Amino acid sequence: MIPIGRRQALSNLRAAVAAGRCAAVLGPQGSGRTSVLRAVVAGLVADGVDVDLLEGSDAEAAVPLAAFAPLVAAVGLRGADPLEVYTRLPGIVTAQRGIVAVDDADRLDRASLVLLGQISRVRARIVVTARELADLPRPARDPGPTGWHIETLGPLGADDLLSLAPDILGDELAAPSAAVLVTHARGNPGRAAEMLRAAAASAVRTDAGIELGPVRVSPRLRKLVAPELPDPGTGPRRLLDLLAVASALPVEVVDPAALGPAESDGFVEVSGPTVGLADPLLDDVLRASMSPQLHARYCGEAAALVGDRDGWEAGAVLLAARAGRRIDPAVALDAAGRALNAHAPDRALQLARFADPDLADTQLVLGAAHSEQGDHLAAAEALRSALVLAGDDRARVRVGQQVGLLHAVRRADPATAVEKVTRIAASVTDPSWRPVLAADLVKWRLMAGLPVDNIEVRPAAPQAAVRVNEAVIAAMISTTAGPLGETERHVASGLEALASTDIAPPFAGDLLRLSAYLSMAFGGNLAGAEEFALGYRDAAAHSADPALGMWEYGTAELALHTGRMAQADAMSARAIRHLAWRDFTGLRPAARALRAAVLARRGRITLARELAGQCAPEERVDPKVALHLARVEAERQLRHRDRQAAHETLRLAGEAAIAAHNVHLGVLALDEAGMVRPTEEVAAQLGAYSEVSDLYRLLARRARAVVERRLDVVTECAEELLAMGMVGRAAQAAANAAELAARSGAGEQSRKLRHRALAIASTTGSARWPASDEADALTGRELEIAELAARRVRSREIAESLGLSVRTVDNHLARIFRKLGVRGRDELPDALGPAASQGW
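Below you will find a few notes about this structure.

Procedures and definitions
Residues numbered from 1 in each chain as written. Predicted model: local features only at pLDDT ≥ 70, side-chain atom pairs only at ≥ 80, totals over all residues. Heavy atoms only, no water. Helix = DSSP H or I, 4+ residues; strand = E, 2+ residues; numbered from the N terminus. Rg over C-alpha atoms; globule rule 2.2 N^0.38 Å. Buried < 20%, exposed > 50% of the residue type's maximum accessible area, 1.4 Å probe, protein only. Phe/Tyr/Trp six-rings, centres within 6.5 Å; stacked < 30°, edge-to-face > 60°. Lys NZ or Arg CZ within 6 Å of the ring centre and 35° of its normal. Contact = heavy atoms within 4.5 Å. Polar contact = N/O pair within 3.5 Å; in protein donor to acceptor, adjacent residues only side chain to side chain. Core = buried A, V, L, I, M, F, W, Y, C linked by side-chain atoms within 4.5 Å. Pairing = 2+ DSSP bridges. Axes fitted to C-alpha atoms, helices over the stretch in contact; angles between N-to-C directions. Parallel < 35°, antiparallel > 145°, perpendicular 65-115°, else oblique. Left-handed = near helix turned anticlockwise from the far one by under 90°. Nonpolar A, V, L, I, M, F, W, Y, C, P; charged D, E, K, R; others polar. Salt bridge = Lys/Arg side-chain N within 4 Å of Asp/Glu carboxyl O. Right-handed = clockwise from strand over helix to strand, strands pointing away.

**What about the overall build of the protein?**
Thought 1: When helices and strands are counted, the protein shows 43 helices and 10 strands.
Thought 2: Relative to a compact globule of 840 residues, whose C-alpha radius of gyration would be 28 Å, the protein shows 31 Å and is just as compact.
Thought 3: Counting only C-alpha atoms and orienting by the principal axes, one finds that the protein spans roughly 100 × 90 × 40 Å.
Thought 4: Counting every position in the protein, which comprises 840 residues, the buried fraction comes to 55%.

Here's what the structure looks like:
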């Protein structure tokens, strides 16, 4: 299957070949160029075109034209001398054959490359793959007006690479393994696929997804990464081996005589004051060839190089430990804390073994690391010891933060977290430290369905840690029940204070950024919110940041409300996996419920109800969970055509969420109730929140207009919703307008509005909700053809540009006309309208 990131290249190549041009697919080994070539060939063969597929790897230096042997034999030139082949084969190919395809043209012998150039000069159609343009015959490098089409394959995105895992291993990857795959494959699908295949035998299935374990270096992976390395014993090779165990070294400790050649050959990169391996897979390749004794020796040498340098202490400690040397307990504890702050619990546990176990800080590191790894019993025991050993308020506060995280998030028991953290807060004697735990108590109380009005938050606390807490609390409240306009100020204040303290709620920065995202979304800046969240989500995927699941949940929630159900489907599935791996927000139950809601809206009601049934009673008190479960039940009721019951289910769920201080999510649920069945009651409820944001003002205006049957206003709201990015609601509003027009006897206007609703759904890839019995949205191919036809492009030209037959294009157009209710091409521009240019 061709990845999404390669489909445009495939379409371009098909169009070039259909137009009679020669074409080349360029890219490094493993970039997928062979897959793209074979997809082009398969499409040509399916259309009845004769294709001769040759392999450049068949070339042998001692046998000129060996790769062309099958074609030479096929045209009756077996046994002919090379000169006769040069003279006659190009003309025969042009007259009798269809297309010549050559994979790995860069591996052809020189005689074959010359022959390939001769064939292209007589206007025969050729499709080849190669590493770079210089590997192709001269006609490809000197293209004229009708010259070769060159398609260069760039790196694939993270989602394309991660989609290989279910195909090869049968499931999604756990977040750490996903990050290793994305960073180590460097956008190269061949490398990614080989990493997955090499790890298949030892891969472990967990609730958080498949864990690949250490990178396994197969012979093919070694060839893809480093077909040639410096000779053992040389200065450059010693430098590479040191970097393989140390990851990076200060430039000043490196031998310049070794650095120069290693850098010029592309093995290392210098970034400011440090030098590291240029390829993240190269360290695995190098370590795979080391004996344990050699590995320990290099670890010792690297530790000696960085041991007395500021900023390198943690790495030096770990390298010295791996070399078998004695470690200072105080240094080990400091390094363990740094590892924990960098979200590396495995490394933190390794280093904490060398620290003093009778120190509160040692037990705190152990408790936090065990908690992050999912070993709840070991975490609870270590945190109990840390609390007993804690000798001051600062230590008690840090223990309280981790105790709350363990019980509320890891054990999904926020009520116990509230009880224990409240007790720890009461034991803090210094009143300036006690509010540091307030932000956690707000979170755990909200999760447990408890009131937050009695939490102490002082408006002008002097400590930076307390200011962070105040900002986190205020931002969380404003994005659940308070004024959205205050969120930006709280987030900015919190991030500023966070830079001045090392004592703050765990993941405070992530929580502040999440509040900023929610404020943008609820405020109506949906495009900005989506860009913001996806940027952090991609960064988290590359680094296995614990915030990954949080951002996937956030993007899935937004996609559900905007109507982009395909994105909601993919992101909600990954959110469940990655929140099972790391969840500091307590979103895991909400992610399961969100996934159930998405499945229900996509018509998979049985699977949705099974997933909803996994939500425990104590989890259902979370308003987010309750709202999504209500959506599942409403879909069941809609399937039984009981719109009144579905309306009531959503209305009551929205009111309950508002009562539980989740105003913004509750308003969206009320709006959904009004979409199922417009009522005066819901319109009035939405109107009460119309001043909160531009989004709510628009939703209230649309709800009121539908109830009052104001056709012009509903029509305007459909376009405004589309411009805002609420594409699913825009399609539904256009459908509402069509119904109002039909009731008023305006049949022609009703027809145009129905087509408008369909066009919005088609051009934005959204799903109209509630579902209707009207025509399905246009498929991706139908939309592509419809947009070309609307611009007066003829069927033959469309066929050539898309690599299709004219008959196929005309069949598509017939279905398009039928779906859109138009009589021909002239009516397509009006039927599609401006939706296609919205970019959603």
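**Examining the packing of aromatic side chains**
Thought 1: In the structure shown here, the tally under the stated rule is 4 aromatic pairs.
Thought 2: Centroid distance Tyr536 to Trp551: 5.3 Å. Interplanar angle 15°. Geometry classified as stacked. One end of the pair, Tyr536, is in helix H27 (residues 526-543); the other, Trp551, is in helix H28 (residues 548-562), and 15 residues separate them in sequence.
Thought 3: Connected via pairs of aromatic rings, a cluster forms that spans Tyr517, Phe532, Tyr536 and Trp551.
Thought 4: The ring of Tyr298 carries Arg297 above its face, with NZ or CZ at 5.1 Å from the centroid.
Thought 5: Above the plane of the ring of Trp769 lies Arg601, whose end atom (NZ or CZ) is 3.8 Å from the centre.

**Section: the environment of Arg825**
Thought 1: Looking at the element boundaries, Arg825 is found in the loop between helix H42 (806-820) and helix H43 (828-832).
Thought 2: Judged by its relative accessible area of 25%, Arg825 falls in the partly exposed class.
Thought 3: Residues Arg825 and Ala395, spaced 430 residues apart in sequence, show a C-alpha to C-alpha distance of 74 Å.
Thought 4: Apart from residues no more than four positions distant in its own chain, Arg825 is found in contact with Ala789, Arg792, Val793, Arg794, Ser795, Ile798, Leu813 and Phe817.
Thought 5: Within the local environment of Arg825, its side chain forms a polar contact with the backbone oxygen of Val793, the two atoms lying 2.8 Å apart.
Thought 6: Polar side-chain contacts of Arg825 include one of 2.5 Å to the side chain of Ser795.

**Structural notes on the nonpolar core**
Thought 1: Ranked by internal contacts, the top residues of the largest apolar core, which has 135 residues, are Trp444 and Tyr553.
Thought 2: No other element matches the 10 residues that helix H38 (residues 727-743) contributes to this core.
Thought 3: Residues contacting Trp444, with those up to four places away along its chain left out, are Gly404, Leu405, Ala408, Val409, Pro414, Ala417, Val418 and Val421.
Thought 4: Among the nonpolar cores identified, the runner-up in size contains 70 residues, and Leu221, Leu249, Val306 and Ala316 belong to it.

**Overview of the sheet that holds strand E8 (residues 248-250)**
The strands making up a sheet are joined through hydrogen bonds of the backbone, oriented either antiparallel or parallel.
Thought 1: Ordered by their spatial adjacency, 3 strands build an open sheet running E8-E10-E9, and the pairing between neighbours is antiparallel. On the outer flanks of this sheet lie E8 and strand E9 (268-271), each paired with one strand and no other. Strand-to-strand, the axes of this sheet are offset by a mean angle of 25°, without reference to chain direction.
Thought 2: Here E8 pairs with strand E10 (residues 274-277) via 3 bridges, running antiparallel. For Leu249, the partnering residue across the bridge sits in E10 and is Val275.

**Things to note about the packing of helix H34 (residues 663-676) against helix H35 (residues 680-687)**
Thought 1: Running from N to C, H34 and H35 cross one another at 150°; their axes reach a closest spacing of 9 Å. Considering their axes alone, H34 and H35 lie roughly antiparallel with respect to each other. Of the two elements, H34 crosses H35, and the hand of that crossing is left-handed. Contacts between H34 and H35 involve Val667, Leu670, Asp671, Ala673 and Gly674 from the former and Val682, Gln685 and Leu686 from the latter.
Thought 2: Among the residues forming the contact of H34 with H35, the class breakdown is 5 nonpolar, 2 polar and 1 charged.

**Some points on the pattern of salt bridges**
Thought 1: Within the structure shown, the criterion is met by 51 salt bridges.
Thought 2: The salt bridge partner of Arg602 is Asp569, with a shortest N-O separation of 2.7 Å. On the criterion of sequence distance, the pair formed by Arg602 in the loop between helix H30 (588-601) and helix H31 (605-612) and Asp569 in helix H29 (residues 565-581) is long-range, its members being 33 residues apart.
Thought 3: One salt bridge connects Arg697 with Glu691, and the closest N-O pair in it is separated by 3.9 Å.
Thought 4: What makes Arg697 partly exposed here is its relative accessible area of 36%.

**Structural notes on the pairing of strand E1 (residues 23-26)**
Thought 1: Burial along E1 is two-sided: Ala23 and Val25 and Ala24 and Leu26, pointing in opposite directions, are all buried.
Thought 2: Sheet analysis places E1 next to strand E4 (residues 125-130), joined by 4 bridges and oriented parallel. Residue pairing for E4: Ala24 is matched across the bridge by Val128.
Thought 3: Pairing of E1 with strand E5 (residues 149-152), which is carried by 4 bridges, proceeds in the parallel orientation. Following the sheet pairing, Leu26 is matched in E5 by Thr152.

**Focus on the side chain of Arg191**
Thought 1: If you trace the backbone, Arg191 turns up in helix H10 (residues 189-199).
Thought 2: Of note is the side chain of Arg191, whose polar atom sits 3.5 Å from the backbone oxygen of Ala185.
Thought 3: If sequence neighbours within four positions are ignored, Arg191 has contacts with Gly30, His184, Ala185, Arg186, Leu221, Leu224, Val225, Asp279 and Leu281.

**Observations regarding the sheet that holds E1**
Thought 1: Reading across from one edge, E2-E3-E4-E1-E5 is the order of the 5 strands in this open sheet, with parallel pairing throughout. Strands at the two margins of the open sheet, each flanked by one partner only, are strand E2 (51-55) and E5. Neighbour to neighbour, the strand axes of the sheet diverge by 15° on average, direction disregarded.
Thought 2: By the bridge criterion, 5 bridges tie E2 to strand E3 (residues 99-103) in an arrangement that is parallel. The residue bridging Asp52 from the neighbouring strand is Val100, located in E3.
Thought 3: The sheet strands contacting helix H1 (residues 4-18) are E1, E3, E4 and E5, and the helix crosses E5 at an angle near 170°.

**Structural notes on the packing of H28 against helix H32 (residues 623-639)**
Thought 1: Their axes nearest at 14 Å, the elements H28 and H32 cross at an angle of 40°. By the criterion of interaxial angle, the relationship of H28 to H32 is oblique. Read as a crossing pair, H28 and H32 show a hand that is left-handed. Taking contact as the criterion, the partners of Tyr553, Glu557, Leu560 and His561 in H28 are, on H32, Lys624, His628 and Arg631.
Thought 2: Looking at the contact of H28 with H32 residue by residue, the classes come out as 2 nonpolar, 2 polar and 3 charged.

**Here we look at the pairing of E4**
Thought 1: Most of E4 is tucked away, with 5 of its 6 residues classed as buried.
Thought 2: Here E3 pairs with E4 via 4 bridges, running parallel. Within E4, the position partnered with Val102 by the bridge is Val128.
Thought 3: Assessed by its sense of winding, the connection that carries the chain from E3 through helix H5 (residues 110-121) to E4 is right-handed.

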